[in-house]
Amino acid sequence: MSTYRDFALTHRGSARGTVLRTIGTRERRSHLTAPRVPTVGIDIGGTKVMAGVVDADGIILEKIRTETPDKSKSPKVVEDTIVELVLDLSDRHDVHAVGIGAAGWVDADRSRVLFAPHLAWRDEPLRDALQSRLAVPVMVDNDANTAAWAEWRFGAGRGEDHLVMITLGTGIGGAILEGGQVKRGRYGVAGEFGHMQVVPGGHRCPCGNRGCWEQYSSGNALVREARELAAADSPVAYNIIAKVGGNVHEITGPLITELAREGDAMCVELLQDIGQWLGVGIANLAAALDPSCFVIGGGVSAADDLLIGPARDAFRRHLTGRGYRPEARIAKAQLGPEAGMVGAADLARLVARRFRRATRRRVERYERYERYAQQLGRRDPAAPGPDDQDAQ
C-alpha cells in the first residue's frame, strides 16, 4: 500500500479528522489533476448494491454485487453491506477513496441521505457513518448525478458543456451538468424531473402527488399498462398472457422489451407510448434548461430505438420555438447499468486528491516532530538549553 494509506491505517483518528464538507465546485478543472489512483464506486439501488474498483480512465478493474437488504431493516444493515464490499475489494486492490451513488435525495454537502424511497434512510449521515469505519475518504451523491458524471467523462456526453441526463428505471431520475459541474441546487436535490406534473389530476404517484412524469414514462408505467391489458384479457395481450402462463404479476419491463423486439404489436405500442411521454418531458426541460444534449439511461433505455425513436419525434413536435431554434441531441447512454458506479468512483477520486494532500502534510509534520524528538534525545540532559542560556 502507499505511504499515505499506511499512515491512515495506523492513525485512524487522523484519517477520520479529514472529513470534507464538500468536494468543491470546480470539478471540471479538478478532475484533470486528480490522482490517477484506483477508487471504489458503489451504486445502491432498491434491489442491488454494486461495487467496483475503477481506474482513472473509467475502466472497471473488478466488480461485485449483492442484493440490497430489505428496506424494513435498519440503515446500519445497508452500511454493513457497503463496508463488507469495500473490504472485500480492498483485499485485492489498493483503494484510495470510496464514492457512493445512492438512489435518494442527498444534501448539498453530500454527507446525508435526506430520503431514499427504497431504503430506510431518513436524514441518514451516511458519509460520516462509513468514514468512521473505513480508512479512506468517502463521497456520497445521488445516483443520477454520478451516472451523468460518468457519461460526461467517459460516455455519450463527452465534449458537451450543457448536458441533461434522464434515467428511466422504476421511476425517473435526472441530473444537470453545466460547464463540467454537476448542478445540485441550493439544497442538493436538483434533477428530480420524474416528479414534474405533466397531467393534472392524473395517476397517483408514490410521492403523494398526481400526474407526475414518471407515472407516464418509466418502467413502472410500462409494466402497469401491460398488466392492466392482460388483466382485462384484452385480445392484444394474448401473446404476453401466454408467455407468463396467465400470471399477470410475472409481466416485467425486460419481457415487454423482448417481445417488442420480436414484433409483438402491443409491446411495440406500449414502448411508443412511453417514448412519446418521454419526448414531451424532454421538450419541457429544453424550454427550461436549453441543454445541448440529453442522455437517456436506466434500464428502460435498453429498448433502444423502440423507445428513443418515438421520444425524438415527440420532442420535435412539442419543442417550444420549433423550427427557429437549434435542437438538442438525444443520445442513449453508453455505460449501461455501471454508469452510476463508475461516476461515483471518479468523483471520489477528487476527494482522494485532497485526502492525499492532507495526509502528506500530516506525515511531514509527524516526521518533523520525530526528527526534533530525536535531536532532543541526543542532547545531554545536563547541558543548558537555549532557553536556559537566554535566562543567564
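These lines cover the structure that appears in this document, whether it is placed above or below. (Residues numbered from 1 in each chain as written. Predicted model: local features only at pLDDT ≥ 70, side-chain atom pairs only at ≥ 80, totals over all residues. Heavy atoms only, no water.)

**A look at the overall build of the protein**
Right, on to step 1. Scanning the protein from terminus to terminus reveals 13 helices and 13 strands.
Right, on to step 2. Within the protein, buried positions represent 51% of all 392 residues.
Right, on to step 3. Considering only intrachain contacts with a sequence separation of at least 6, the fraction spanning at least 24 residues in the protein is 66%.
Right, on to step 4. Total accessible area computed for the protein in this model is approximately 18,400 Å², and 49% of it derives from carbon and sulfur atoms. (Helix = DSSP H or I, 4+ residues; strand = E, 2+ residues; numbered from the N terminus. Buried < 20%, exposed > 50% of the residue type's maximum accessible area, 1.4 Å probe, protein only. Contact = heavy atoms within 4.5 Å. Areas by Shrake-Rupley, 256 points an atom, 1.4 Å probe, with all protein chains shown as cover.)

**Observations regarding the pairing of strand β10 (residues 172-178)**
Right, on to step 1. Counting buried positions over the 7 residues of β10 gives 6, a clear majority of the element.
Right, on to step 2. Both strand β9 (residues 162-168) and β10 contribute to a ladder of 7 bridges, which runs antiparallel. Residue pairing across strands places H162 opposite E178, the latter belonging to β10.
Right, on to step 3. Counting the residues that bridge the hairpin from β9 to β10 gives 3 residues.
Right, on to step 4. Direction of pairing for β10 relative to strand β11 (residues 181-182): antiparallel, over a ladder of 2 bridges. When the sheet's bridge partners are listed, E178 is paired in β11 with Q181.
Right, on to step 5. Hairpin connection of β10 to β11: 2 residues between the antiparallel strands, including G179 at a positive phi of 60°. (Pairing = 2+ DSSP bridges.)

**Considerations on the pattern of salt bridges**
Right, on to step 1. Under the criterion given, the structure shown has 19 salt bridges.
Right, on to step 2. Between R316 and E327 there is a salt bridge, with the nearest N and O atoms lying 3.4 Å from each other. With a gap of 11 residues between them, R316 in helix α11 (residues 305-318) and E327 in the loop between α11 and β13 (329-332) connect regions that are remote in the sequence.
Right, on to step 3. Relative accessible area serves as the criterion here: at 40%, R316 is assigned to the partly exposed category.
Right, on to step 4. Shared partners join several salt bridges into a network, and the residues in it are E62, D88 and R92. (Salt bridge = Lys/Arg side-chain N within 4 Å of Asp/Glu carboxyl O.)

**Some points on helix α7 (residues 219-231)**
Right, on to step 1. Here α7 contains 13 residues, and its C-alpha end-to-end distance of 18 Å stays within 8% of the 18 Å for a straight helix at 1.5 Å per residue.
Right, on to step 2. Residues of α7 that are buried in the fold lie against α8 (238-243), α9 (253-261) and α10 (265-289).
Right, on to step 3. Just beyond α7, the residue with positive phi is D233, at close to 55°. (Expected span 1.5 Å × (residues − 1).)

**Some words on the packing of aromatic side chains**
Right, on to step 1. Inspection of every chain in the model, using the stated rule, returns 4 aromatic pairs.
Right, on to step 2. Between W105 and F115, the aromatic rings sit 6.3 Å apart at their centres with planes inclined by 70°, giving edge-to-face as the arrangement. With W105 in strand β5 (residues 105-106) and F115 in strand β6 (residues 113-115), this residue pair connects regions lying 10 residues apart in the sequence.
Right, on to step 3. On the basis of relative accessible area, F115 is assigned to the partly exposed category, the value being 34%. (Phe/Tyr/Trp six-rings, centres within 6.5 Å; stacked < 30°, edge-to-face > 60°.)

**Quick notes on the nonpolar core**
Right, on to step 1. Counting 45 residues, the largest nonpolar core has I166, I240, L278, F294 and F315 as its most contacted members.
Right, on to step 2. Among the elements of the structure, β9, β10, α7, α8, α9, α10, β12 (293-297) and α11 are those that each provide at least two residues to this core.
Right, on to step 3. By residue number, the principal contributor to this core is α10, which donates 10 residues.
Right, on to step 4. If near-sequence neighbours (up to four positions away) are discounted, L278 is found in contact with I166, L168, W213, S217, I296, L307 and A311.
Right, on to step 5. Core analysis: the second largest hydrophobic core is formed by 29 residues, A148, A150, M165 and C293 among them. (Core = buried A, V, L, I, M, F, W, Y, C linked by side-chain atoms within 4.5 Å.)

**Here's the deal with the sheet that holds β12**
Strand pairing in a sheet relies on backbone hydrogen bonds. The paired strands run either parallel or antiparallel.
Right, on to step 1. Pairing is mixed in the open sheet, where 5 strands are placed in the order β11-β10-β9-β12-β13. For this open sheet the edge positions go to β11 and β13, each flanked by a neighbour on one side alone.
Right, on to step 2. Bridge count between β9 and β12: 5 bridges; the pairing is parallel. Considered in β12, the bridge of L163 is made with C293.

**Some remarks on unusual backbone geometry**
Right, on to step 1. The residue D290 is not glycine, and still its phi comes out positive at about 50°.
Right, on to step 2. Within the element layout of this structure, D290 appears in the loop between α10 and β12.
Right, on to step 3. The backbone of D304 sits at a positive phi, close to 55°, despite the residue not being glycine.
Right, on to step 4. Its place among the elements puts D304 in the loop between β12 and α11.
Right, on to step 5. Note on D304: relative accessible area 29%, which makes it partly exposed.

**Thoughts on the sheet that holds β5**
Right, on to step 1. Spatially, the 3 strands line up as an open sheet ordered β5-β6-β7, and their pairing is antiparallel. In this open sheet, the two strands that pair with only one neighbour each are β5 and β7 (122-124).
Right, on to step 2. As paired strands, β5 and β6 are joined by 2 bridges and run antiparallel to one another. Counterpart to V106 in the pairing with β6 is V113.

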